[in-house]
Amino acid sequence: MPFRMTEMVGCEFPLFAFSHCRDVVAAVSRAGGFGVLGAVSYTPEQLETELKWIDDNVDGKPYGIDVLIPEVQAVERSVSADEIVAAIPPEYRDMTRAILREAGISEDGAQPLGGSQAPNTSLGQELLEVSFNHPVRLIANALGTAPPAMIEAGKKHGIPVAALVGAKEHALKQIHAGVDLIIAQGGEGGGHCGEVSTIVLIPEVIAAIEQAGADIPVLAAGGIMNGQQMAGMMAMGAAGAWCGSVWLATQEAETHEIFRQKMIEATSRDTTRSKHRTGKYSRQLRSSWHATWEDAGMPALPMPLMSLLSEPALRAIDKAAVNGNPAAQALSTYWVGQGVGLVNEVHSAGAVVQDFKQEFAAGFEALAGAID
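Residues numbered from 1 in each chain as written. Predicted model: local features only at pLDDT ≥ 70, side-chain atom pairs only at ≥ 80, totals over all residues. Heavy atoms only, no water.

1. Some points on the overall build of the chain
Then, in step 1: Of regular secondary structure, the chain possesses 15 helices and 11 strands.
Then, in step 2: Relative to the compact-globule value of 21 Å for 372 residues, the chain shows a C-alpha radius of gyration of 20 Å, a close match.
Then, in step 3: Considering the chain as a whole, with its 372 residues, one finds that 52% of them fall into the buried category.
Then, in step 4: Sequence-distant contacts in the chain: of pairs separated by 6 or more residues, those separated by 24 or more amount to 68%.
Then, in step 5: Just so you have it, the chain exposes about 16100 Å², and 51% of that area is on carbon and sulfur atoms. (Helix = DSSP H or I, 4+ residues; strand = E, 2+ residues; numbered from the N terminus. Rg over C-alpha atoms; globule rule 2.2 N^0.38 Å. Buried < 20%, exposed > 50% of the residue type's maximum accessible area, 1.4 Å probe, protein only. Contact = heavy atoms within 4.5 Å. Areas by Shrake-Rupley, 256 points an atom, 1.4 Å probe, with all protein chains shown as cover.)

Structure below.
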């Protein structure tokens, strides 16, 4: 009997791979899973290039995209990128420069440039329109309640709309908004996440959906790094798994070799929920970047100012880390969940999918055997 999610999106196995890397997306879909490209940071032109490449390398297998269309855009006048950057306080700019100088990292190219991370409804809609020119089988909203424009566009093109939630209350809002799929991400997950653990969140969300009289599938997310965990989530009623961190330790990932080695060496206690990257809580691998900001007693700037300040600096840090700078290696960080403690070596993305399938089957066999 087919899985519900395989029928909805056309994949062979309900393992969804969120990644900013097109190579991971294509490799996972080719292996039978379902790759989802994180497209928030792209321009429409860049997204067109990425999706064309995926089309040419996915062997006709299905894939999806993850974009951001803000729920509310209450702006009385147009705000330029220069105005947004100008709102970053001087002491925060000075702090970032000091971090780089003390680590012996060049400040060239590490200063805030433009406001591309600012919420932009028009850009999100443009990204959607680009995606509709390609055979995408799922669109997901990256943050907040899926807005009517996204729901309507999905229905018009016959493409399911998914939304991420971190609490059952959020799930109910998404149901009322009209989404087709809920991705319930526990606090163990990398990136922006809530505080409720995955093992508690999944049954809470499923029960809330049932009590609301809705029939919407739920994907489990947050800390899921192998097929046994996936089987456990599906035993609780999830329709599949949505994973992000596990792909960061693959050969195809956008992460550099220094960070992948840090993942291998890390334990599940080596992550932190910090605002000192985007301005909102997101789980990352803890590094001296976080310790330096915290020791200085400087609270994070609101989104998007913190992103505009931190991202150029962190890119410079990563470049220096790869070039052998030990202070930069200590500062280097990226979004990753507590499941990093289960990473022991680097594999190909396709091999990870195959491992998930085998572990998933073994997990269910073990459950069935325990009942006999």
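There is more to say, and it comes next.
2. Quick word on the sheet that holds strand β7 (residues 191-192)
Then, in step 1: What the three strands build is an open sheet, ordered β7-β11-β10; its pairing is antiparallel. In this open sheet, the two edge strands, each paired with only one partner strand, are β7 and β10 (271-274).
Then, in step 2: Examined bridge by bridge, β7 and strand β11 (residues 282-285) share two bridges and lie antiparallel to one another. By the bridge assignment for β11, G191 is matched with R283. (Pairing = 2+ DSSP bridges.)

3. Observations regarding the confidence of the model for the chain
Then, in step 1: Mean pLDDT over the chain: 91, with 93% of residues reaching 70 or higher.
Then, in step 2: For the stretch residues 115-121, pLDDT sits under 50, and the model shows 18 contacts to residues farther than four places along the chain or on other chains. (pLDDT = per-residue confidence, 0-100.)

4. Points about the state of the cysteines
Linking two cysteines covalently through their sulfur atoms gives a disulfide.
Then, in step 1: Within this structure, the stated rule accounts for zero disulfides.
Then, in step 2: Unpaired in terms of disulfides, C21 finds its nearest cysteine sulfur in C243, a separation of 16 Å. (Disulfide = S-S within 2.5 Å.)

5. Quick word on the sheet that holds strand β1 (residues 15-19)
Then, in step 1: The strand order around the closed barrel built from eight strands is β1-β2-β3-β4-β5-β6-β8-β9, with neighbouring strands paired in parallel fashion. Strand-to-strand twist in this sheet, taken as the mean axis angle between neighbours without regard to direction, amounts to 25 degrees.
Then, in step 2: The pairing of strand β3 (residues 63-67) with strand β4 (residues 139-141) spans three bridges and is classified as parallel. Within β4, the residue paired with D66 across the bridge is A140.
Then, in step 3: Strands β1, β2 (34-38) and β3 of the sheet are contacted by helix α2 (residues 22-30), whose axis makes an angle of about 165 degrees with β2.
Then, in step 4: Across the sheet, helix α8 (residues 168-177) touches β5 (161-165) and β6 (181-185), and the angle it forms with β5 is around 160 degrees. (Axes fitted to C-alpha atoms, helices over the stretch in contact; angles between N-to-C directions.)

6. Structural notes on the side chain of S287
Then, in step 1: With respect to the secondary-structure elements, S287 resides in the loop between β11 and α12 (288-296).
Then, in step 2: Owing to a relative accessible area of 7%, S287 belongs among the buried residues under this scheme.
Then, in step 3: A distance of 2.7 Å separates a polar atom in the side chain of S287 from the backbone oxygen of L331.
Then, in step 4: In this structure, S287 is in contact with K262, A330, L331, S332 and T333, ignoring residues within four places of it in sequence. (Polar contact = N/O pair within 3.5 Å; in protein donor to acceptor, adjacent residues only side chain to side chain.)

7. Comments concerning the packing of aromatic side chains
Then, in step 1: Within the structure shown, the criterion is met by 11 aromatic pairs.
Then, in step 2: Summarising the aromatic geometry, the rings of F3 and F13 are spaced 6.3 Å apart at their centres and angled 75 degrees between planes, so their arrangement reads as edge-to-face. Taken as a pair, F3 in the segment before α1 (4-9) and F13 in the loop between α1 and β1 lie far apart in primary sequence, 10 residues in all.
Then, in step 3: Among the residues examined, F3 registers a relative accessible area of 26% and is labelled partly exposed.
Then, in step 4: Relative to F364, the ring of F360 has its centre 5.0 Å away and its plane inclined at 65 degrees; by these criteria the two rings are edge-to-face. Taken together, the residues span about one helical turn, with F360 and F364 both in helix α15 (residues 349-371) at a distance of four residues.
Then, in step 5: Residue F360 is classed as buried on the basis of its relative accessible area of 8%. (Phe/Tyr/Trp six-rings, centres within 6.5 Å; stacked < 30°, edge-to-face > 60°.)

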